[in-house]
Amino acid sequence: MLNYIIHRILIMIPTLVAISIVIFTIINLPPGNYFTTYIAELQGSGEKADLAKIEFLENEYGFDRPLWQQYLYWVGGLLHGDMGYSFSYDMPVDKVVGDRMLLTAVVSVTTIIFTYLVAFPIGIYSATHQYSISDYILTFLGFLGLATPSFLLALVLLYFANVYLGISIGGLMDPKYLGRSWSWDKVLSLMAHIWIPVLVIGSAGTAAMIRRLRANLLDELQKQYVVTARAKGLHPVRALFKYPLRMALNPFISDIGSLLPQVISGTAIVSVVMSLPTTGPMLLSSLQSQDMYLAGSFLMFMAFLTVIGVFVSDLALALLDPRIRLQAGRRQ
Amino acid sequence: MSDLTFIPGPPGGPGDDPGAMAPLPHYVSTAPYDPYAVERMTPAQERFYVASQWRMVWWKLKRHRVAVAAGVILLAMYLGVTICEFLAPYGVDSRNTDFIYAPPQPVHIFYQGRLVAPYVLGFDYWLDMKRLQRIFTPNPHKRQPIRFFCHGDAYKFWGFFPGNLHLVCPAPGGQLFLLGTDRLGRDLMSRMIYGARVSLTVGLVGVAVSLTLGIAIGGIAGYYGGWTDILTQRAMEVIQSFPHLPLWMALSAILPVSWSPLVVYFGITLILGMIDWTHLARAVRSKLLALREEDFCTAAVLMGARPARIIGRHLLPSFTSHLIASATLMIPGMILGETALSFLGLGVRPPMTSWGVLLSDAQNINVVALYPWLLAPVTAVILAVLAFNFFGDGLRDAADPYH
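Residues numbered from 1 in each chain as written. Chains lettered and ligands numbered in written order. Predicted model: local features only at pLDDT ≥ 70, side-chain atom pairs only at ≥ 80, totals over all residues.

Some words on the overall build of chain B
Part 1 of the argument: Secondary structure assignment for chain B yields 14 helices and 5 strands.
Part 2 of the argument: Along the first, second and third principal axes, the C-alpha set of chain B runs to 100 × 65 × 45 Å.
Part 3 of the argument: Looking at chain B as a whole, 37% of its 403 residues qualify as buried.
Part 4 of the argument: Long-range contacts, defined as pairs at least 24 residues apart, comprise 69% of the intrachain contacts of chain B with a sequence gap of at least 6. (Helix = DSSP H or I, 4+ residues; strand = E, 2+ residues; numbered from the N terminus. Buried ≥ 20, exposed ≤ 12 C-beta atoms within 10 Å, placed from the backbone. Contact = placed C-beta atoms within 7 Å.)

Quick word on the interface of chain B and chain A
Part 1 of the argument: Each partner contributes residues to the interface: chain B has 30 residues there, and chain A has 38 residues.
Part 2 of the argument: Looking at the side of chain B that touches chain A, the elements that each hand over two or more residues are helix H6 (226-240), helix H7 (244-253), helix H11 (320-343), helix H13 (365-370) and helix H14 (377-398) of chain B.
Part 3 of the argument: By residue number, the principal contributor to the side of chain B that touches chain A is H7 of chain B, which donates 7 residues.
Part 4 of the argument: Here the side of chain B that touches chain A is composed, by residue class, of 24 nonpolar, 4 polar and 2 charged. (Nonpolar A, V, L, I, M, F, W, Y, C, P; charged D, E, K, R; others polar.)

Considering the packing of helix H6 (residues 133-147) of chain A against H14 of chain B
Part 1 of the argument: Two elements in contact, H6 of chain A and H14 of chain B, have axes whose closest approach is 9 Å; the angle formed by their N-to-C orientations is 120 degrees. The angle between the axes of H6 of chain A and H14 of chain B places the two elements in the oblique class. The hand of the H6 of chain A/H14 of chain B crossing is right-handed. Between H6 of chain A, through Phe143, Leu146 and Ala147 of chain A, and H14 of chain B, the contact on the second element is made entirely by Ile382, Val385, Leu386 and Asn389 of chain B.
Part 2 of the argument: For the contact of H6 of chain A with H14 of chain B, a count of residues per class yields 6 nonpolar, 1 polar and no charged. (Axes fitted to C-alpha atoms, helices over the stretch in contact; angles between N-to-C directions. Parallel < 35°, antiparallel > 145°, perpendicular 65-115°, else oblique. Left-handed = near helix turned anticlockwise from the far one by under 90°.)

Description of H11 of chain B
Residue and element names in this part refer to chain B.
Part 1 of the argument: With 24 residues, H11 ought to run about 34 Å at 1.5 Å a step, and its terminal C-alpha atoms sit 35 Å apart, in line with that.
Part 2 of the argument: For H11, a buried count of 19 out of 24 residues is recorded, marking the element as mostly surrounded by other parts of the structure.
Part 3 of the argument: Once H11 finishes, Gly345 follows within two positions and takes phi at roughly 85 degrees, a positive value. (Expected span 1.5 Å × (residues − 1).)

Some points on unusual backbone geometry
All names here are of chain B.
Part 1 of the argument: For Tyr101, which is not a glycine, the phi torsion comes out positive at approximately 55 degrees.
Part 2 of the argument: Mapped onto the fold, Tyr101 is located in the loop between helix H4 (84-87) and strand E1 (108-111).
Part 3 of the argument: A residue is classified by how many C-beta atoms lie within 10 Å of it, and Tyr101, with 18 of them, is partly exposed.
Part 4 of the argument: With phi around 45 degrees, Phe149 is a residue other than glycine that occupies positive phi space.
Part 5 of the argument: On the secondary structure map, Phe149 appears in strand E4 (residues 147-157).
Part 6 of the argument: Among the residues examined, Phe149 registers 10 C-beta atoms within 10 Å and is labelled exposed.

Here's the deal with the nonpolar core
Part 1 of the argument: By size, the foremost hydrophobic cluster in this structure holds 152 residues, and its most contacted members are Ala154 of chain A together with Met249 of chain B.
Part 2 of the argument: When residues of this core are assigned to their parent elements, the largest contribution, 16 residues, is made by helix H5 (residues 188-224) of chain B.
Part 3 of the argument: Among residues more than four places away in sequence, those in contact with Met249 of chain B are Leu283, Leu284 and Leu287 of chain A together with Leu344 and Leu346 of chain B.
Part 4 of the argument: Ranked by size, the runner-up nonpolar core spans 9 residues in total, among them Tyr119, Val120, Ile146 and Cys169 of chain B. (Core = buried A, V, L, I, M, F, W, Y, C linked by C-beta atoms within 7 Å.)

Observations concerning the environment of Ser88 of chain A
All names here are of chain A.
Part 1 of the argument: Mapped onto the secondary structure, Ser88 falls in the loop between strand E1 (85-86) and strand E2 (91-92).
Part 2 of the argument: Sequence separation of Ser88 and Tyr38 is 50 residues, and the distance between their C-alpha atoms is 8.9 Å.
Part 3 of the argument: Filtering out sequence-adjacent residues up to four positions away, Ser88 remains in contact with Ser286, Ser289 and Asp291.

Re the pairing of strand E5 (residues 161-169) of chain B
All names here are of chain B.
Part 1 of the argument: Across 7 bridges, E4 lies against E5 in antiparallel orientation. Its bridge partner being in E5, Phe148 is matched across the sheet by Val168.
Part 2 of the argument: Hairpin geometry of E4 and E5 is characterised by an intervening segment of 3 residues between the two adjacent antiparallel strands and by a positive phi of about 55 degrees at Trp158. (Pairing = 2+ DSSP bridges.)

Points about helix H1 (residues 2-28) of chain A
Structurally, the α-helix is built with 3.6 residues per turn, so residues lying three or four positions apart point the same way.
Part 1 of the argument: Over its 27 residues, H1 of chain A extends 39 Å from the first C-alpha to the last, a length consistent with the 39 Å expected when each residue adds 1.5 Å.
Part 2 of the argument: When we look at burial in H1 of chain A, the residues that qualify are Ile19, Ile23, Phe24 and Ile27 of chain A.
Part 3 of the argument: Residues of H1 of chain A that are buried in the fold lie against helix H4 (67-79) and helix H14 (292-320) of chain A together with H6 and H7 of chain B.

Structural notes on the sheet that holds E1 of chain B
All names here are of chain B.
Part 1 of the argument: Strands sit in the order E1-E2-E3 across an open sheet of 3 strands; the sheet is antiparallel. The open sheet has two edge strands, E1 and strand E3 (133-145), and neither has a second partner. Neighbour to neighbour, the strand axes of the sheet diverge by 55 degrees on average, direction disregarded.
Part 2 of the argument: Two elements, strand E2 (residues 114-128) and E3, share 9 bridges in a ladder whose sense is antiparallel. When the sheet's bridge partners are listed, Phe123 is paired in E3 with Pro138.

Concerning the pairing of E1 of chain B
Looking down a regular strand, the side chains alternate between one sheet face and the other.
All names here are of chain B.
Part 1 of the argument: Of the pairings in the sheet, the one linking E1 to E2 comprises 3 bridges and is antiparallel in character. Of the residues in E2, the one forming a bridge with Phe110 is Leu115.
Part 2 of the argument: Between E1 and the antiparallel strand that follows it, E2, lie 2 residues; Gln112 among them carries a positive phi value of about 50 degrees.

Observations regarding the packing of helix H3 (residues 65-82) of chain B against H5 of chain B
All names here are of chain B.
Part 1 of the argument: Where H3 meets H5, the closest approach of the two axes is 9 Å, and the angle between their N-to-C directions is 115 degrees. It follows that H3 is roughly perpendicular to H5 by the angle criterion. Regarding H3 and H5, the two cross each other, and that crossing is left-handed. Here Met77, Tyr78, Gly80 and Val81 of H3 lie close against H5, whose contacting residues are Ile193, Ala196, Arg197, Leu200 and Thr201.
Part 2 of the argument: Within the contact of H3 with H5, the residues separate by chemical class into 6 nonpolar, 2 polar and 1 charged.

Focus: the environment of Asp135 of chain A
Residue and element names in this part refer to chain A.
Part 1 of the argument: Mapped onto the elements, Asp135 comes out in helix H6.
Part 2 of the argument: Asp135 sits 13 residues away from Ile122 along the chain, and the two C-alpha atoms are 9.1 Å apart.
Part 3 of the argument: For Asp135, the contacting residues outside a window of four places in its chain are Ser126, His129 and Gln130.

Any functional reading would require information beyond the geometric quantities listed.
See the structure below:
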């Protein structure tokens, strides 16, 4: 097992390096940088830019140096926990993003837990009651959940909550807690607000998960050992939970790897619609204004979250399935 | 062969009464035993056994009724895309400045209890000065029969051939806003029909891109194995461990503002396709890894076929149906991706129209509350995505007809 963990961690490092290179390339692809856009914008509106300050910042962050040096500077900063400087906010990035990254993580994790809690019983029910009316209804609902763009679901929910419940549900907590330090009340307020984005973001993932669990469990239930167990008079519940369910769970856990990027994507767009204080809206604006350190660090953070998620799911899978942890040591 | 005979177990099993010689309770055929009956086939069976793989896929798909229905819907949608100028009652940019944010006009076919030709009701319009809101009320006396196969707004078919024939047009001097109008008084129905052109083709072009990439890269990795395989595997892991939407956002944010909408459109499809190929590549790779150990592949190698020929001629055809099925299942993701990007203002840009562009008008909760018909394009999105999902599902089941 230790072998496997070390192996996995060693793989993670080149992955993260590659990701950082990709991100850095992408945010440097557009012509010019933040300052050229900024100066052009100011000149467009007839204002004068503070050229001295801009020149200082350009020097400080090495915009005149070759790209690979800029890259090393950025990555070196990241390793020290310094995420660079946001030019549009005129603040260090970690000050700007502060809570946002934490909230993104909180929303993502809650969404995944929600997905599991909902998908698990429904998937089992749907598989054990294959081709029943309720199975058809659940399957159709699942497809509908997959097909509806999450931002639209958010809009419609916002609308109905507004019209019929008379509450405003933008944001992640009561406005009075914004900018305050974390306290118990703030956490409670967060809990009261978080369920709508979680519902919206989780719908697609939940639907996919239900379908996968149903398919896996159906495959497993057709196998002969299940038939034998039934024929020998094992209680149906036991004949379901003892072996087939455990086999069907494997993909359930390995799916975190694909679920997490999906959830984070969902967070990004839903938060724009619902004006949640997560990373989405800020990422959007930073990409549009070429605020490269802000955008780059955001993207890096999201990718990091995903890589960690995949790592955790691999570990869980290895704990669950001895074939994986034994094979990993031998391979390569 | 199961229809031949039921072979009785040895008489005198544990439960039987050894003394009784009553006739056996089951049926025994009295026909003389014919050892070749197993090999003889009815014409129907014969047809089944010599059918090509594609024919069997088709048979199996036909039995999947939901998939067939979805396929028909998709066919109709894509057919509509090719002739959208004719289908739309108005031009894509025709503005009706007197009818800004006009609500949908339902089609009536009964007039005073009698069945009549379909008609809509004209609007009475007044400006509520207190709320500064335009108020349209249907006037039951303004009956406007819908015209069919008529001459209306001029257009250029596919941007080349001028024409003005429409399937439906408003009555002379009347209006036909089946889904209402937007903030510039443009007919939403017409814009949705035009928007389908971009939204539905984005998925096709994107899938073509990812199919090409997936087959090429997955094929090389799966066929050569070794270092090539390890490297591509890692590269795919890197791409897959990225949240798609932020990456799409970042990539489409770098498309220069100066590009024409058409170039941006191709840029977007390229971006959508470039990230999604990993799933296909993975499938191709694992299939190839298994297939290259087969005898027919070894035979081809021994006869001196080159890798490109072996992959293209011998290996790929063995799982083309699987590839097509998984490609079909990828299209909905791309349609949703385009919608999301355009909704955020990063995707297709006006004057080009797509469903996402139309939906970006409904970004604001107030708009949704006041003019809910602006959400109509989403039904089209859901319908298309659902149809692709069901069709792809049926195709996937049918892809392995020997199962």
